[in-house]
Amino acid sequence: MPDITLAPNVFDRQLIARHLERRPKGHDDFVTRLVLADLEDRLGTVTRDFEQALIMAPDASVLPLAGRSANGTFAYERVSTVCPLQGVPQVDPEMLDLPRRDYDLIVSIFDLDVVDDVPGFLARARAHLRGDGLFLAAAIGGDSLTELREAFLTADAEVSGGAFLRVAPFIPLSEAAGLLQRAGLALPVSDVETHIVRYQSPLSLMRELKALGASNPLADRPHRMATLKLIQAAAAAYESLAGDPDGRVRATLEIVWMSGWAPHESQQKPLKPGSAEISLTEILKPRG
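Residues numbered from 1 in each chain as written. Predicted model: local features only at pLDDT ≥ 70, side-chain atom pairs only at ≥ 80, totals over all residues. Heavy atoms only, no water.

> Just to check I follow, could you spell out the overall build of the protein for this structure?
Helices and strands together make up the secondary structure of the protein, namely eight helices and seven strands. Evaluated residue by residue, the protein yields a buried proportion of 45% over its 288 residues. Relative to all contacts within the protein whose residues are 6 or more apart in sequence, the contacts with residues 24 or more apart total 76%. (Helix = DSSP H or I, 4+ residues; strand = E, 2+ residues; numbered from the N terminus. Buried < 20%, exposed > 50% of the residue type's maximum accessible area, 1.4 Å probe, protein only. Contact = heavy atoms within 4.5 Å.)

> Would you mind showing me how to read the packing of helix 6 (residues 202-211) against helix 7 (residues 228-242) here?
Packed helix pairs are specified by the crossing angle of their axes together with the interaxial distance, meaning the distance between the axes. Here helix 6 crosses helix 7 at 110 degrees, and the two axes come no closer than 9 Å. In terms of orientation, helix 6 lies roughly perpendicular with respect to helix 7. Contact residues: helix 6 offers Pro202, Leu203, Leu205 and Met206, while helix 7 offers Ile231, Ala234, Ala235, Tyr238 and Glu239. Its residues placed into classes, the contact of helix 6 with helix 7 shows eight nonpolar, no polar and one charged. (Axes fitted to C-alpha atoms, helices over the stretch in contact; angles between N-to-C directions. Parallel < 35°, antiparallel > 145°, perpendicular 65-115°, else oblique. Nonpolar A, V, L, I, M, F, W, Y, C, P; charged D, E, K, R; others polar.)

> Looking at this model, I keep getting lost on the pattern of salt bridges. Mind explaining?
For side chains bearing opposite charge, pairing can occur when the charged atoms are close. Under the criterion given, the structure shown has 15 salt bridges. Close ionic contact of Asp244 with Arg250 constitutes a salt bridge, the shortest N to O distance being 2.3 Å. With a relative accessible area of 18%, Asp244 lands in the buried category. Among the charged side chains, a salt-bridge network with shared partners connects Asp38, Arg42, Asp191 and Glu193. (Salt bridge = Lys/Arg side-chain N within 4 Å of Asp/Glu carboxyl O.)

> Whenever I open this one, the side chain of Ser144 confuses me. Can you help?
Checked against the element boundaries, Ser144 lands in the loop between strand 5 (129-140) and helix 4 (146-159). Its relative accessible area of 1% is what places Ser144 among the buried residues. At 2.7 Å, the side chain of Ser144 forms a polar contact with the backbone nitrogen of Glu254. (Polar contact = N/O pair within 3.5 Å; in protein donor to acceptor, adjacent residues only side chain to side chain.)

> Looking at this structure, I do not really get the nonpolar core. What am I missing?
In a soluble, globular protein the nonpolar side chains are often hidden away together inside. Of all hydrophobic cores here, the largest spans 59 residues; its most connected members are Leu39, Leu43, Tyr76, Leu105, Ile109 and Ile255. It is helix 7 that provides the largest number of residues to this core, a total of seven residues. Those residues in contact with Ile255 that sit more than four places away from it in its chain are Val31, Val35, Phe110, Ala138, Ala139, Ile140, Gly141, Asp191, Val192, Glu193 and His195. In terms of nonpolar packing, the next biggest core, distinct from the first, is built from 27 residues, Met56, Leu98, Leu180 and Met258 among them. (Core = buried A, V, L, I, M, F, W, Y, C linked by side-chain atoms within 4.5 Å.)

> Just checking my understanding: could you explain the sheet that holds strand 4 (residues 103-109) for this structure?
Backbone-to-backbone hydrogen bonds join strands into a sheet, with any given pair of strands oriented parallel or antiparallel. Within the open sheet, the seven strands sit side by side as 2-3-1-4-5-7-6. Their pairing is mixed. The open sheet is flanked by strand 2 (66-69) and strand 6 (186-199), the only strands paired with a single partner. Averaged over all adjacent pairs, the angle separating strand axes in this sheet is 20 degrees, with direction ignored. Here strand 1 (residues 53-57) runs beside strand 3 (residues 72-80); their pairing, made up of five bridges, is parallel. Within the sheet, the bridge partner assigned to Ala53 lies in strand 3 and is Tyr76. (Pairing = 2+ DSSP bridges.)

> Mind showing me how you'd approach helix 2 (residues 30-43) here?
Within an α-helix, residues lying three or four positions from one another point in the same direction, as the helix has 3.6 residues per turn. Relative to the 20 Å expected for 14 residues at 1.5 Å per residue, helix 2 spans 20 Å between its end C-alpha atoms, a close match to the ideal helical length. Along helix 2, the positions that sit buried rather than exposed are Phe30, Val31, Thr32, Val35, Leu36, Asp38, Leu39 and Leu43. (Expected span 1.5 Å × (residues − 1).)

> Before we go on, may I ask you to explain the pairing of strand 3 in this structure?
Side chains on a regular strand alternate between the two faces of the sheet. Here four bridges tie strand 2 to strand 3, and the two strands are oriented antiparallel to one another. The residue bridging Arg68 from the neighbouring strand is Thr73, located in strand 3.

> What am I meant to see in the packing of helix 3 (residues 118-127) against helix 5 (residues 173-182) here?
Two elements in contact, helix 3 and helix 5, have axes separated by 8 Å at closest approach and are oriented at 50 degrees. As judged from the angle between their axes, helix 3 and helix 5 are oblique. In this structure, the crossing between helix 3 and helix 5 has a hand that is right-handed. The segment helix 3 lies against helix 5, with Val118, Pro119 and Leu122 engaging Leu179, Leu180 and Arg182. Within the contact of helix 3 with helix 5, the residues separate by chemical class into five nonpolar, no polar and one charged. (Left-handed = near helix turned anticlockwise from the far one by under 90°.)

> What's the story with unusual backbone geometry in this structure? I'm lost.
Backbone geometry follows two general trends: most residues other than glycine have a negative phi, and most peptide bonds adopt the trans configuration. Although it is not a glycine, Leu96 adopts a positive phi angle of roughly 50 degrees. Mapping Leu96 onto the fold places it in the loop between strand 3 and strand 4. The phi torsion at Phe110 lies on the positive side, around 70 degrees, for a residue other than glycine. Structurally, Phe110 can be placed in the loop between strand 4 and helix 3.

Next up, the structure:
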């Protein structure tokens, strides 16, 4: 029999769905708002017509129905990967069986933050692109919420003498391009947008995460409610780590952007070694 290695069960998607469904109506999801504005800017530079474009996210209700490239507007098909939405297909992100296999553009917003098998997700997205189709994804970056993660580690060590995962792991920028290459995407590019968000207190940040549906999504998480003593210890550690003179605290938010193209014969190819007509030695030779 073939040796099949299954991805570890990292995220509890039923829990994620409950978190998203419990978000208060009308709360400003500024993180998604930032990402969608950045997406519009990025696609606005692409001189391409997108006849078949798809955009997906854990909750498709936050997604736009149309986008704009340098060549004009185009329509999106929307897909949910966690929360069901009436009239919108829902797919398992671990299987990613999308409605078509000939997309010119696939955009993924935060799906990589809830999927166990990231390389598999990217490879399956690549399989749904036509030749020279574009894949574009936004994910929460590896240094996001570093302050909260360290504060809880300090608090857990102080209160219980142990350490627990209370903040999900995120994709580091250093791994993003390699993941795209591993999935068979050509011309991979990755970059990061870093934002420092300030809150009145650590408790304000924790309430914001709950309102965004971004509470601890891990399958291997403490199953007891955090005690008041633990919360107080984490808040004190947070203020020590990231407090400002005016009494507010800082939180790091990174958005990692990843893009790649389905291979096609029309794309640029790297030159073969030794094929350059002018050597670097000649270019750097002193003149006169």
